[in-house]
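A closer look at the structure
Spelled out, the chains give:
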Amino acid sequence: MTAATASAARTWVDEGTRLLLGALDTLDDGALDRPCALPGWSRRHLLAHVASNAEALGRLLDWARTGMENPMYASPEHRAAEIESGALHADLPERVRDTAERLSAAMDTMPAAAWSEPVVTAQGRTVRAAETIWLRARETCIHAVDLDAGVRFADLPGDFLVALIEDVVAWRSTRSGPPAVLRTPRTLHELPGKGERHKVELPVPLAAAWLVGRAPHCPDLPELPRWL
């Protein structure tokens, strides 16, 4: 990740957080108990996940600063249990805000050299610590939509959506799926695969939503395998 990309991603972290917290402010306790846009999760589960993610990425920053291994989660089971228990917290909205603020402060006070240190993501990828900025931008922006409280992909920063499309296309290009040529007003990508090649033309927000599995049910769009 270049310095310019990291700077843009840092802005997207703040914008995604602003959108998520703004949507959260419109919800009462009863609304938090209702389903979010992710199957099987309430809004409380989603918010607990966002808060846990902030803490987990903070551990990676600590790893990069100190050189002492500090993984995001002890195990997938621990991560799942943390979300389940976090969803029951009475002060969940406050925890979401507090963890976001603490991660933001950790990012803003990171020594410049520490951003180049290697850390390991929850998916087992070894990346430079600077990659955590993009991971958090992706987390806050997409889950602001998943909260299902008024934020849509069209509300997300346009440059973030273009970066998301490029990121997910690269991820999907190494995995099986229907072959497609994806064209938007700002991007052109090819998704490799076996079988009939689809030609897909979409506006940027809908293209991003489709690639990450959040598009409305459109019979004309090929069904993609699950993302992350």
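Glancing now at the overall build of the protein chain. Looking only at helices and strands, one finds eight helices and five strands in the protein chain. When the helices and strands of the protein chain are read in sequence order from the N terminus, they spell out α-α-α-α-α-β-β-α-α-β-β-β-α. Computed over C-alpha atoms, the radius of gyration of the protein chain comes to 18 Å, within 12% of the 17 Å expected from 2.2 N^0.38 for 228 residues, which places it in the range of a compact globule. Expressed as a percentage of its 228 residues, the buried residues of the protein chain come to 49%. Here the contacts in the protein chain between residues at least 6 apart in sequence split such that 57% fall between residues at least 24 apart. For the protein chain, the exposed surface amounts to about 11,400 Å²; the carbon and sulfur share of it is 53%. Positive and negative side-chain charges of the protein chain, numbering 25 and 31 respectively, have mean locations separated by a distance of 4 Å.

What follows deals with helix α7 (residues 158-172). The end-to-end C-alpha separation of α7 is 21 Å, in line with the 21 Å expected for 15 residues at 1.5 Å each. Along α7, the positions that sit buried rather than exposed are Phe160, Leu161, Val162, Ala163, Leu164, Ile165, Val168, Val169 and Arg172.

Position of arginine 197 relative to the elements: it lies in the loop between β4 (188-191) and β5 (198-201). Look at arginine 197 and you get partly exposed, because its relative accessible area is 46%. Distance in space between the C-alpha atoms of arginine 197 and valine 181 is 7.3 Å, their sequence separation being 16 residues. Apart from residues no more than four positions distant in its own chain, arginine 197 is found in contact with Pro179, Ala180, Val181 and Glu190. Among the polar contacts listed, one links the side chain of arginine 197 to the side chain of glutamate 190, at a separation of 3.1 Å.

Keep in mind that most residues, glycine aside, have a negative phi and that most peptide bonds are trans. The phi angle at aspartate 148 is positive, at roughly 60°, despite the residue not being glycine. Position of aspartate 148 relative to the elements: it lies in the loop between α6 (131-146) and α7. Assessed through its relative accessible area of 35%, aspartate 148 is described here as partly exposed. With phi around 45°, leucine 228 is a residue other than glycine that occupies positive phi space. Tracing the chain through its elements places leucine 228 in the segment after α8 (204-211).

Between α6 and α7, the least distance of the axes is 11 Å, while the angle of their chain directions is 110°. When the axis of α6 is compared with that of α7, the two are roughly perpendicular. Between α6 and α7 lies a crossing whose hand is left-handed. Counted together, Trp134, Ala137, Arg138, Cys141 and Ile142 of α6 and Phe160, Ala163, Leu164 and Asp167 of α7 form the full contact between these two elements. Considering only residue class, the contact of α6 with α7 consists of seven nonpolar, no polar and two charged.

Conventions adopted
- Residues numbered from 1 in each chain as written.
- Predicted model: local features only at pLDDT ≥ 70, side-chain atom pairs only at ≥ 80, totals over all residues.
- Heavy atoms only, no water.
- Helix = DSSP H or I, 4+ residues; strand = E, 2+ residues; numbered from the N terminus.
- Rg over C-alpha atoms; globule rule 2.2 N^0.38 Å.
- Buried < 20%, exposed > 50% of the residue type's maximum accessible area, 1.4 Å probe, protein only.
- Contact = heavy atoms within 4.5 Å.
- Areas by Shrake-Rupley, 256 points an atom, 1.4 Å probe, with all protein chains shown as cover.
- Lys, Arg positive; Asp, Glu negative; His and termini not counted.
- Charge placed at Lys NZ, Arg CZ, Asp CG, Glu CD.
- Expected span 1.5 Å × (residues − 1).
- Polar contact = N/O pair within 3.5 Å; in protein donor to acceptor, adjacent residues only side chain to side chain.
- Axes fitted to C-alpha atoms, helices over the stretch in contact; angles between N-to-C directions.
- Parallel < 35°, antiparallel > 145°, perpendicular 65-115°, else oblique.
- Left-handed = near helix turned anticlockwise from the far one by under 90°.
- Nonpolar A, V, L, I, M, F, W, Y, C, P; charged D, E, K, R; others polar.

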